[in-house]
Amino acid sequence: MTELLLLALGASLVNNFVLTNFLGLCPFVGVSRRFEAAAGMALATLFVLTIASGLSYTLWHWVLQPLGLEYLRTIVFILLIAGVVQFTELMVRATSPLLHQVLGIFLPLITTNCAVLGVALLNVDRQHGLLESLVFGASAGAGFGLALLLFAALRERLETADVPAAFRGAPIALVTAGLMALAFMGFAGLGAR
Amino acid sequence: MSIEVVLVACAVAFALALALGLALGWAASRLTPATGRLVEQIDALLPQTQCGQCLYPGCRPYAAAIANGEADINRCPPGGEATVRALAALLDREAQPLDPQYGASKGAVVAWIDEERCIGCARCLPACPVDAIVGAARYTHTVISAQCTGCELCLPPCPVDCIVLRPAPAASWRASLHRAA
């Protein structure tokens, strides 16, 4: 139990996928203009990450390893993630057409969110079990969502702030992201792996 | 590497893709609700003027309201009787006359700006739902007839009433819509 708790803490805060490992920066910058869209994206990514890490573990443990096809893992995981993302898109469109419109192209682009493939590959490399994989995936998704929501809230305030002309738009957003990454380094002392 | 290894790898990738495809196809047929498809079909019959004369913010919200049974099918003046008939056929209902409460059908019209009188105030620009008005502050504006939907939303903001509705030219979007209907 303590192991799982430490794993979750490590994946969500200490080794936050966005702010410490710099994975998944595309949606982090792309969908953080509006808080509602960021919240939807955070939920969708959390869902995809959890399902994809569970399924990729199953595939790795029951198909790829017994058949000696370890070298196929990247292509097979990408295929799997693409399928899960398509499924998520169908779900979002069925449950909330408005959110589907707001997220637009960024919903299918979860496929190319490197955090998702990163979690699947890290699960394999660190030899996580099924439960560990699910916890790792879910807490990586939660960490991604936390960073995205904080960043979106900051950017909404930046819209009305008096920013020097040269820094307006993307530059100040990137500076903000850098400062947030510095702040997240404060979690390094928590000692989780 | 022997040929078997390659075959097994291909078979695994193929089986995975096939399983994912089947699962997604099944999910698509189950997860798209019947009303969602109906909204799409109704929306396709509406004229897409986004004029709001039906008192809904646009054509798609009106289509959703029809599908949910909240609104009747005779609230679309730009579409006219042709749209009411098409909707009645789709929904298997009685065709009925247009409700005059929401305005009368004017046929295919487009907005036209009298450039002698336009003062270049730019107030009609944000009102246009399809961005068919060209102009900037203190320059004369004009309407791109081919893009104009004739929705009349630019008439109220104009302070000098220099915008009038004229019959749509044959090459315009509105005229092609009425030919299709």
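Residues numbered from 1 in each chain as written. Chains lettered and ligands numbered in written order. Predicted model: local features only at pLDDT ≥ 70, side-chain atom pairs only at ≥ 80, totals over all residues.

### A few points about the overall build of chain B
Piece 1. Helix and strand counts for chain B stand at 6 helices and 4 strands.
Piece 2. For chain B, the proportion of its 181 residues judged to be buried stands at 27%. (Helix = DSSP H or I, 4+ residues; strand = E, 2+ residues; numbered from the N terminus. Buried ≥ 20, exposed ≤ 12 C-beta atoms within 10 Å, placed from the backbone.)

### Re the interface of chain A and chain B
Piece 1. Taken residue by residue, the interface counts 12 residues in chain A and 13 residues in chain B.
Piece 2. In terms of residue count, helix 4 (residues 73–95) of chain A provides more of the side of chain A that touches chain B than any other element does, 8 residues in total.
Piece 3. The residue inventory of the side of chain A that touches chain B, partitioned by class, reads 10 nonpolar, 2 polar and no charged. (Contact = placed C-beta atoms within 7 Å. Nonpolar A, V, L, I, M, F, W, Y, C, P; charged D, E, K, R; others polar.)

### Considering the confidence of the model for chain B
Residues and elements named next belong to chain B.
Piece 1. Looking at chain B as a whole, the pLDDT averages 84, with 92% of positions reaching at least 70.
Piece 2. Looking over chain B, one finds the lowest element-wise mean pLDDT in helix 6 (residues 173–180), namely 60, and the highest in strand 2 (residues 133–134), namely 92.
Piece 3. Interface confidence for the predicted complex, expressed as ipTM, amounts to 0.75; the pTM equals 0.67. (pLDDT = per-residue confidence, 0-100.)

### Comments concerning the confidence of the model for chain A
Piece 1. On average, chain A scores 88 in pLDDT, and the residues at 70 or more come to 98%.
Piece 2. Between the elements of chain A, mean pLDDT differs from a low of 76, seen in helix 5 (residues 97–103) of chain A, to a high of 93, seen in helix 7 (residues 130–160) of chain A.

### Here we look at the packing of helix 4 of chain A against helix 6 (residues 114–125) of chain A
To describe two helices that pack against each other, one gives the angle between their axes and the distance between the axes.
Residues and elements named next belong to chain A.
Piece 1. Where helix 4 meets helix 6, the axes come as close as 10 Å, and the angle between the chain directions of the two elements is 130°. Between helix 4 and helix 6, the interaxial angle falls into the category oblique. Handedness of the crossing formed by helix 4 with helix 6: right-handed. Mapping the contact onto sequence places Arg-73, Phe-77, Ile-78 and Ile-81 in helix 4 and Val-116, Leu-117, Ala-120, Leu-121 and Val-124 in helix 6.
Piece 2. The residue makeup of the contact of helix 4 with helix 6, split by class, is 8 nonpolar, no polar and 1 charged. (Axes fitted to C-alpha atoms, helices over the stretch in contact; angles between N-to-C directions. Parallel < 35°, antiparallel > 145°, perpendicular 65-115°, else oblique. Left-handed = near helix turned anticlockwise from the far one by under 90°.)

### Details of the nonpolar core
Piece 1. Grouped together as the largest cluster of nonpolar side chains are 50 residues, with contacts concentrated most on Val-48, Ala-52, Val-116 and Leu-148 of chain A.
Piece 2. The set of elements that each furnish at least two residues to this core consists of helix 1 (2–14), helix 3 (35–64), helix 4, helix 6, helix 7 and helix 8 (170–184) of chain A.
Piece 3. Top element by residues in this core is helix 3 of chain A. It accounts for 13 residues.
Piece 4. Discounting chain neighbours no more than four positions away, the residues touching Leu-148 of chain A are Phe-28, Ser-32, Ala-38, Met-41 and Ala-42 of chain A.
Piece 5. If you look at the next biggest cluster of nonpolar residues, it comprises 17 residues, including Val-109, Val-110, Cys-128 and Cys-158 of chain B. (Core = buried A, V, L, I, M, F, W, Y, C linked by C-beta atoms within 7 Å.)

### Brief notes about unusual backbone geometry
Residues and elements named next belong to chain B.
Piece 1. In this structure, Gln-48 is a non-glycine residue whose phi angle is positive, near 60°.
Piece 2. Along the polypeptide, Gln-48 turns up in the loop between helix 2 (34–45) and helix 3 (59–67).
Piece 3. With phi around 60°, Asp-92 is a residue other than glycine that occupies positive phi space.
Piece 4. Following the sequence through the fold, Asp-92 ends up in the loop between helix 4 (80–91) and strand 1 (109–113).
Piece 5. Residue Asp-92 is classed as exposed on the basis of its 6 C-beta neighbours within 10 Å.

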